[in-house]
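Coordinate inspection notes
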Amino acid sequence: MDRRAILAAVAALPLGACAPPRPAAPTDVRLDHLRAWTALEARTLLSLAGIEGIAPRHTVDAWRILYPSTDSAGRPTQLSGLLALPRAPAGGLVSWQHGTTTTRTAVPSRLSIDGLSAALVFAGTGRAVVAPDYVGLGDSALIHPYLVADDAARAVNDLLAAARQVAGVPKTPPFLAGFSQGGTASLAAHAALEAKGERVRASASVSGAQNLRTVSFPVALAGGSPNHPVYLAYLVRGYCACYGQPLESVLTPTAAAQVRDLFDTPRKPEEVMAGLPRRPRQMFSPGFLAAFDNNTANWLLDALAANETSHFTPKAPIRLYYGTADRDVVPAEAMQTAAEMQARGGEAFAVKVGDYDHDNVMLHAAPLIFRWLAELEGQGHA
């Protein structure tokens, strides 16, 4: 049994703590208590996860939160996420954005490992935590718009708005943090909040794909990681649904049929990977590949450029954490984003975590992010 399996098994054990409080919430927000963890349990779980240097000191209560939002066409919908609170006055608000999952249930509201870890790290040390499942995941039956910036930002920011109406959740500017897809979602939410005149404490993006047209897509199409066919198929399915285009507009007929079969019934990433070609270019039609290779007009390439999350001037500081051995999201993502934001006058820095691959970057970035947040709070940064 690997470390993640042990962590999941221990996290599910019954709790002997007293009954949870019942925070008041507005009528359009539903809270379902999931469970609680004592500070001792939280420390044990984080140790099992390999996260060192963080010592939870509060019992943490976790709720599944259902909240109102809208889809890409502006129609009302309901989304799900996680809300975690310490059994003490919360001293800040953190929004955690999870990484890629191809199943509806591997999400924070179902206590996925990353959602659980974020709850224990941040709520266990005295902060309120929210973590969206995103559109099309969790309780949302829509097609997931993978790496579509506006949809990601809306899922994050509508959850923040809903959570702030729950008793015990502070209305302070949020600290946004996320891994992989969640790193991209964090910057999308950051840009959207500041565009509306709202304040952000800071954002931490770990291995986030910010430069979709210029870095992410070309690297993935070249196939540097075994996971790249999964990311590309997921992205094409979501973008075609969001932009009203058929899969066959960019994929071969065979690949389009494979993508429908693999994603219409959610499967685990390894199952999706087994059903796709190992070489990403084999999925794409000759017409699309000609447009990509010759840099000519194509709706998907234009949409990727429109969804890059590196082209804004942040008012709040941003740190972009990367691993030098990460083949899924290459270091150029963080370095290019930091350079562009600095050129615009923003406070953004690329932070090398170490010689780690994609899955291990987050593990080693977590203590750095926690320490940076504590420094911001100590400086009164808001």
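Up top is the structure.
Residues numbered from 1 in each chain as written. Predicted model: local features only at pLDDT ≥ 70, side-chain atom pairs only at ≥ 80, totals over all residues. Heavy atoms only, no water.

**What about unusual backbone geometry?**
Spelled out, the test is: Only runs of H or I of at least four residues qualify as helices and only runs of E of at least two qualify as strands under DSSP, and these elements are numbered from the N terminus. Accessibility here uses a 1.4 Å probe with only protein chains present; expressed as a share of the type maximum, an area under 20% marks a residue as buried, one over 50% as exposed, and anything in between as partly exposed.
Positive phi values are uncommon outside glycine, yet L111 reaches one of about 60°. Here L111 is to be found in the loop between β4 (93–97) and α3 (113–123). Overall, L111 belongs to the partly exposed group, its relative accessible area being 25%. In the Ramachandran plot, S180 falls in the positive-phi region, its phi being about 60° despite a non-glycine side chain. Along the chain, the position of S180 falls in the loop between β6 (175–179) and α5 (181–195). Looking at S180, the relative accessible area reads 7%, which means it is buried.

**Side note on the side chain of N211**
Using the following cut-off: Residues adjacent in sequence count toward polar contacts only when both atoms are side-chain atoms; beyond that, a polar contact is any pair of N or O atoms within 3.5 Å, and within protein one must be able to donate a hydrogen and the other to accept it. We call two residues in contact when some of their heavy atoms are within 4.5 Å.
Examined against the element boundaries, N211 turns out to sit in the loop between β7 (202–206) and α6 (212–222). Overall, the relative accessible area of 0% leaves N211 in the buried class. A distance of 3.4 Å separates the side chain of N211 from the side chain of Q336, its partner in a polar contact. The residues contacting N211, other than those within four sequence positions of it, are S216, E308, S310, E333, Q336 and T337.

**Comments concerning the pairing of β7**
Along any regular strand the residues' side chains alternate between the sheet's two faces. Applicable threshold: A crossover counts as right-handed when, viewed with the strands pointing away from the observer, the path leading from the first strand over the helix to the second turns clockwise. Whether two strands pair comes down to DSSP finding at least two bridges between them.
Burial analysis of β7 places 5 of its 5 residues in the buried class, the great majority of the element. Burial along β7 is two-sided: the face carrying A202, A204 and V206 and the face carrying S203 and S205 are both buried. Handedness of the crossover joining β6 and β7 through α5 is recorded here as right-handed. Pairing of β7 with strand β8 (residues 318–323) involves 4 bridges; the strand directions are parallel. For S205, the partnering residue across the bridge sits in β8 and is L320.

From the geometry alone we can't say anything about function, so treat these as descriptive.
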